[in-house]
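Structure assessment
Spelled out, the chains give:
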Amino acid sequence: MANNLETDLSQKLEILLKQTALSLTDQQKTQLVKLVLLLNKWNKTYNLTSVRDPMEMLVKHILDSLVVSSYLQGMRFVDVGTGPGLPGLPLAIVNPDKEFFLLDSLGKRISFIRNAVRELGLTNVEPVLSRVEEFHPDHQFDGVLSRAFASLKDMTDWCHHLPNENGLFYALKGQYHEDEVQELDVKFNIQQVIKLSVPELEGERHLVLIK
């Protein structure tokens, strides 16, 4: 059964990737499929995501994370409120030259990420068990990522200490709401709002870049 699922996922991933500008190595594709299999396995016990169907996970978790990849500027990123490692793990798989810190305050999520990092052989991921406002690393980041984590105001208020001088906030959003922007502190500027296209995903997706 598992092997059939793996084959089906691999074929589905190929179809999805053809609808994007992403070009991945065979190893990266294998790692992404393996990540879905791990998520599916752990989900039964730990309830990491409300998405139950592995095929749906490919669209709603993997592709939804990967479409941000081409917009990343810099080398070192922190994914705040990463949950089961989204978008951090898929991005780390396709950007082996960049470093990703995956931060969450729930132990079971970080346990999953540690296990995934080991199983997938990733060397560019650092899982961090902490609340974001209590996380004070000895260096700052080129990018602070968040996906369905909080409002833009909460994200910038809680994480303002994390980006470096030129660092950006990367907020992955569904619909883009102008009123969320009005709430931002004056020291934050919206640099760009990018409409993302995720193959086979219903509903809108946006990437909001904040300086």
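Residues numbered from 1 in each chain as written. Predicted model: local features only at pLDDT ≥ 70, side-chain atom pairs only at ≥ 80, totals over all residues. Heavy atoms only, no water.

This part covers the environment of Glu 133. With respect to the helices and strands, Glu 133 occurs in the loop between strand E3 (125–129) and strand E4 (141–147). Classification of Glu 133 as partly exposed rests on a relative accessible area of 33%. (Helix = DSSP H or I, 4+ residues; strand = E, 2+ residues; numbered from the N terminus. Buried < 20%, exposed > 50% of the residue type's maximum accessible area, 1.4 Å probe, protein only.)

Looking at where Asp 64 falls in the secondary structure, it is placed in helix H3 (residues 54–66). Asp 64 sits in the buried class, given a relative accessible area of 2%. For Asp 64, the side chain forms a polar contact with the side chain of Arg 205, separated by 2.7 Å. Look past the residues within four positions of Asp 64 in its chain and what remains in contact with it is Val 59, Arg 147, Leu 172, Val 198, Leu 201 and Arg 205. (Polar contact = N/O pair within 3.5 Å; in protein donor to acceptor, adjacent residues only side chain to side chain. Contact = heavy atoms within 4.5 Å.)

In this section: unusual backbone geometry. Most peptide bonds are trans, and most residues other than glycine sit at a negative phi. That bond from Leu 86 to Pro 87 is cis: its omega, 5 degrees, falls within 30 degrees of zero. For Pro 87, the location among the structural elements is in the loop between strand E1 (76–80) and helix H4 (88–94). Positioned with a positive phi, Glu 200 is a non-glycine residue whose angle comes to about 65 degrees. Structurally, Glu 200 is set in the loop between strand E6 (190–196) and strand E7 (205–210). A relative accessible area of 47% means that Glu 200 is categorised as partly exposed.

Our next topic: the packing of helix H2 (residues 26–46) against H3. Where H2 contacts H3, the axes come no closer than 10 Å and their chain directions differ by 125 degrees. The pairing of H2 with H3 is recorded here as oblique in orientation. For H2 against H3, the interelement crossing comes out right-handed. Where H2 approaches H3, its residues Leu 32, Leu 35, Val 36, Leu 39, Asn 40 and Asn 43 are matched on the opposing element by Pro 54, Met 57, Leu 58, His 61, Ile 62 and Leu 66. Among the residues making up the contact of H2 with H3, the classes are represented as 9 nonpolar, 3 polar and no charged. (Axes fitted to C-alpha atoms, helices over the stretch in contact; angles between N-to-C directions. Parallel < 35°, antiparallel > 145°, perpendicular 65-115°, else oblique. Left-handed = near helix turned anticlockwise from the far one by under 90°. Nonpolar A, V, L, I, M, F, W, Y, C, P; charged D, E, K, R; others polar.)

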